[in-house]
Amino acid sequence: MSRNKIDGGTGLICLLGNPVTKSFSPQIQNIISSVMNVNLIYLNFEIEHNQLSKAIEGLRALKVKGFNVTIPYKEKIIELLDEISPEAKEIGAVNTVKMEDGKLIGYNTDWLGYYEAKLTCTGKGFEGDSVLILGAGGAAKAIAICCLKNNCANIMIYNRTIEKAEELVNNLMKNYSGRVNFCSIDILNHVISHSTLIINTTSAGNYSNVNLMPIGEEVPFKKGQIFSEIIYNPSETKLMKLAQSKGAFCFNGFEMLLQQAIKSWEIWCNKKIELDKIEEIRSLIKETWTF
Ligand code: NAP
């Protein structure tokens, strides 16, 4: 890999969020641009809550190639953009913005990233899957739409705050009625034992609270099931270790993180990254991974 030199022609892409210091996007995106030999640099910007629209005006004036958006601005950004893709509109969140002829166009690559991650890690898509999603936040919505668009049989949604799960189910029912249901704590273990794919989209168990689990320890995971984390730090959560010990096939959130970044880069650069390059990018990122 030849490291790109910064010179007069270097373009800027960036991440807007708050906080952003723990984000791995700069490592990933700068490796992608190096491997693809494109003269770009990627930086994180921590934006104060009342400064988002000013930041966007600044980026417009600077004619940046594009940017990512993360917590807490994935929804708020929408009103500041000129257009958004149909998928981002359906999900109600934008994580990737491209500047095109002076217009800011919003996309969502989380759902595409999850699709590629599932395919890469398990060798199959979602056809016929009975899915249980733990969590009802932004990532849960993108992943639910990913599963539904890719022909899963049905989805159950379980969340600590019942109202949020009900709201997500009601939203999804508008386009996918008959395939989405609310999962209460009373039926959780029954649903787990009848699911083929269980996805933890909550932040319980991530680096800031590694001992937490979004559900109790007496869970009937079993052989033949797939358990997917979208947390990538730590590489194995407490819940993932439990699922593994009961024979479920498990994968973590690393591949989703990589694949959503690849999709964002492809949008900014209007260029497909071929499989051999993705492999090179993946192994370079893993070399710099410290956990
Ligand atoms: P979010 O919108 O803030 O949603 C957080 C979800 O986690 C909510 O459902 C919340 O439940 C639940 N939760 C938080 N703490 C919990 C606890 N102690 N016990 C049970 N449930 C708990 O966040 P998000 O954007 O969806 O992100 C969620 C996680 O996914 C984060 O760890 C994030 O880093 C990760 N993520 C990974 C990728 C990737 O590419 N791999 C992409 C996006 C997100 P309540 O509604 O009850 O609060």
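Details of the structure are given in the entry above.
Note that the coordinates shown come from a computational prediction; the quantities given were computed from them, not determined experimentally.

Colleague: I'd like a description of the side chain of threonine 237, backed by residues and values.
Modeller: Positionally, threonine 237 belongs in the loop between strand S11 (226–229) and helix H8 (238–245). With relative accessibility at 1%, the residue threonine 237 sits in the buried group. Each residue touching threonine 237, except ones within four places of it in the same chain, is listed here: Gly205, Glu229 and Ile231.

Colleague: Residues and numbers for the sheet that holds strand S12 (residues 249–251), please.
Modeller: Strand order in the open sheet formed by six strands is S9-S8-S7-S10-S11-S12, with parallel pairing between adjacent strands. At either end of the open sheet lies a strand with only one pairing partner, and these are strand S9 (180–182) and S12. The mean angle between the axes of side-by-side strands here comes to 20°, regardless of whether they run parallel or antiparallel. Sheet analysis places strand S10 (residues 197–200) next to S11, joined by four bridges and oriented parallel. Residue pairing across strands places isoleucine 198 opposite phenylalanine 227, the latter belonging to S11. This element, helix H4 (residues 110–122), spans S10, S11 and S12 of the sheet and lies at about 135° to S12. Strands in contact with helix H5 (residues 138–149) are strand S7 (130–134), strand S8 (154–158), S9 and S10; relative to S7, the strand with the most contacts, it is inclined by about 175°.

Colleague: Would you mind going over the packing of helix H9 (residues 254–269) against helix H10 (residues 275–288) in detail, with residue names and values included?
Modeller: Packed helices, taken two at a time, are described by the angle between their axes plus the distance between the axes. Where H9 meets H10, the closest approach of the two axes is 11 Å, and the angle between their N-to-C directions is 125°. In terms of orientation, H9 lies oblique with respect to H10. Crossing hand, H9 versus H10: right-handed. Every residue of H10 that contacts H9 at Phe254, Glu255, Leu258, Gln259 and Ile262 is listed here: Ile278, Ile281, Arg282, Ile285 and Lys286.

Colleague: Kindly report on the pairing of S11, identifying the contributing residues and their values.
Modeller: The side-chain alternation of S11 yields two buried faces, one formed by Ile226 and Ser228 and the other by Phe227 and Glu229. Judged from the three bridges that link them, S11 and S12 form a sheet pairing that is parallel. Its bridge partner being in S12, isoleucine 226 is matched across the sheet by phenylalanine 249.

Colleague: A description of the packing of aromatic side chains should follow, citing residues and the corresponding values.
Modeller: If you walk through the whole model with that rule in mind, you get nine aromatic pairs. Taken together, a centroid distance of 5.9 Å and an interplanar angle of 80° make the contact between phenylalanine 24 and tyrosine 232 edge-to-face. Linking phenylalanine 24 in the loop between strand S1 (11–17) and helix H1 (25–35) with tyrosine 232 in the loop between S11 and H8, this pair joins segments that are 208 residues apart in sequence. Taking the centre distance of 4.6 Å and the plane angle of 40° together, the rings of phenylalanine 24 and tryptophan 289 count as tilted. In this pair, phenylalanine 24 sits in the loop between S1 and H1 while tryptophan 289 sits in the segment after H10, placing the two residues 265 residues apart along the sequence. Per residue, the accessibility class of phenylalanine 24 equals that of tryptophan 289, and both read buried. One aromatic cluster in this structure is built from Phe24, Tyr232, Phe254 and Trp289.

Colleague: So what's going on with the packing of H4 against H5? Residues and values would help.
Modeller: Following both chains from N to C, one finds H4 and H5 inclined at 60°, their axes separated by 8 Å at the closest point. On the basis of their axis angle, the class for H4 and H5 is oblique. The chirality of how H4 crosses H5 is right-handed. From H4, Asp110, Trp111, Tyr114 and Tyr115 reach across to H5, where they touch Ala142, Ile143, Cys146 and Lys149.

So, how was this worked out
Sequence order as written defines residue numbering, which begins from 1 separately in each chain. Given that the model is predicted, a residue must reach a pLDDT of at least 70 before its local features are reported, and side-chain atom pairs must reach 80 or more before they are shown or counted; all residues, however, enter totals for whole chains, interfaces and linings. Note: side-chain values were computed over all heavy atoms of the structure, leaving out hydrogens and water. Secondary structure follows DSSP: runs of H or I at least 4 residues long count as helices, runs of E at least 2 residues long count as strands, and numbering of each begins at the N terminus. Three exposure classes are used, based on accessible area relative to the maximum for each residue type with a 1.4 Å probe and protein chains only: buried under 20%, partly exposed in between, and exposed over 50%. Two residues qualify as a contact provided that any one of their heavy atoms is within 4.5 Å of a heavy atom in the partner residue. Strands qualify as paired when DSSP identifies two bridges or more between them. In this description, a line fitted to the C-alpha atoms serves as the axis of each element, helices being fitted only across the stretch in contact, and the angle between N-to-C directions of two axes falls anywhere from 0 to 180 degrees. Between 65 and 115 degrees an angle is taken as roughly perpendicular, under 35 as roughly parallel, over 145 as roughly antiparallel, and anywhere else as oblique. Throughout, a crossing is termed right-handed when the near helix is turned clockwise from the far one, and left-handed when it is turned anticlockwise from it by less than a right angle. Two rings belonging to Phe, Tyr or Trp (six-membered ring only in the last case) form a pair when the distance between their centres is within 6.5 Å. Interplanar angles under 30 degrees mark stacking, angles over 60 mark edge-to-face geometry, and anything in between is tilted.

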